[in-house]
Amino acid sequence: MKTLVEADFERAAKFLKVDVATIKAVAEVESAGKGFYADGFPVILFERHKFRDFTKGKYDKTHPHLSNEVAGGYKQSSRKKFNEAFALDPDAAMKSCSWGKFQIMGFNHGDCGYKTVGEFVDAMKESEGKHLDAFCRFVKANNLAQALWSKDWEGFARGYNGKAYKKNRYDEKMAEAYERYKGNVS
């Protein structure tokens, strides 16, 4: 499991026309800076409401911890839930997780340059460099580079994390992380 080095952050910053501190701030907030668990599996967050959407509620009654119209259930292991959901519907399970260092939802695989969610997940298993590449392509595909460039953390968080971004204070956390990195990064 290859982790990012400074040259990777510099490459992404150049591609998105932002400073390195900006990329590091997003990475820190999205995954606490880690792209992989200790055993080498990518960091994930399983979203039961997304699994419900992708399976049209088929498992609501039999597996409410996996398929529910209400987001939540985060106290249970995402990996355990993912594995259980994968046994029911692999594509829906992969689409229903955010993946890696930049926590990109599997259903966004096309915006990240992958034809299928399986190809996306395979790439997320390879390296944090693949996580970073997917992040850069996602930002470009969703016209979020300008928000990063102008340090419009609210606009970026809304576009990146969805309309509920305020609930988790993504914008505030990224702004705070940026200020810390700005002092330590050229």
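Everything that follows concerns the structure shown earlier in this document.
Attention here is on the structure that accompanies the text. None of the values given here were measured: they were computed from a predicted structure. (Residues numbered from 1 in each chain as written. Predicted model: local features only at pLDDT ≥ 70, side-chain atom pairs only at ≥ 80, totals over all residues. Heavy atoms only, no water.)

Here we take up helix 7 (residues 128–141). Counted at 1.5 Å a residue, the expected span for helix 7 with its 14 residues is 20 Å, and the 20 Å between its end C-alpha atoms agrees. All of the buried residues along helix 7 are Glu 128, Gly 129, His 131, Leu 132, Ala 134, Phe 135, Cys 136, Phe 138 and Val 139. Tucked into the core, helix 7 has its buried residues touching helix 1 (6–16), helix 2 (20–31), strand 3 (104–105), helix 6 (117–126), helix 8 (145–149) and helix 9 (153–161). Asn 143, located one to two residues past helix 7, shows a positive phi value of around 55°. (Helix = DSSP H or I, 4+ residues; strand = E, 2+ residues; numbered from the N terminus. Expected span 1.5 Å × (residues − 1). Buried < 20%, exposed > 50% of the residue type's maximum accessible area, 1.4 Å probe, protein only. Contact = heavy atoms within 4.5 Å.)

Under the definition given, this model contains 14 salt bridges. Asp 39 is paired through a salt bridge with Arg 79; the nearest N and O atoms lie 2.9 Å apart. A residue pair is termed long-range when its members are at least 10 positions apart, and Asp 39 in the loop between helix 2 and strand 1 (44–46) and Arg 79 in helix 4 (residues 78–88) qualify at 40 residues. The exposure class of Asp 39 is exposed, given its relative accessible area of 52%. Given a relative accessible area of 26%, Arg 79 falls into the partly exposed group. Between Glu 154 and Arg 158 there is a salt bridge; the shortest N-O distance is 3.4 Å. Residue Glu 154 and its partner Arg 158 are located together in helix 9, separated by 4 residues, close to a single helical turn. On the basis of relative accessibility, which here comes to 43%, the residue Arg 158 falls in the partly exposed class. (Salt bridge = Lys/Arg side-chain N within 4 Å of Asp/Glu carboxyl O.)

To continue, consider helix 6. Side chains of residues three or four places apart in an α-helix project in the same direction, reflecting 3.6 residues per turn. Along helix 6, the residues classified as buried are Val 117, Phe 120, Val 121, Ala 123 and Met 124. Burial along helix 6 is one-sided: seen end-on, the buried residues are contained in an arc of 160°. Close packing links the buried residues of helix 6 with helix 5 (90–95), strand 2 (97–99), strand 3 and helix 7. (Arc of directions from axis to C-beta.)

Tracing the sequence through the fold places Lys 50 in helix 3 (residues 48–54). Residues Lys 50 and Val 121 lie 71 residues apart in sequence; the distance between their C-alpha atoms is 16 Å. Excluding its chain neighbours within four sequence positions, the residues that come into contact with Lys 50 are Ser 96, Met 105 and Phe 107.

Once that is clear, we can look at unusual backbone geometry. Of note, Lys 56 is a non-glycine position whose phi angle comes to about 55°, a positive value. For Lys 56, the location among the structural elements is in the loop between helix 3 and helix 4. We classify Lys 56 as exposed; its relative accessible area is 76%. One non-glycine residue, Asn 143, lies in the positive phi region at around 55°. In this fold, Asn 143 is placed in the loop between helix 7 and helix 8.

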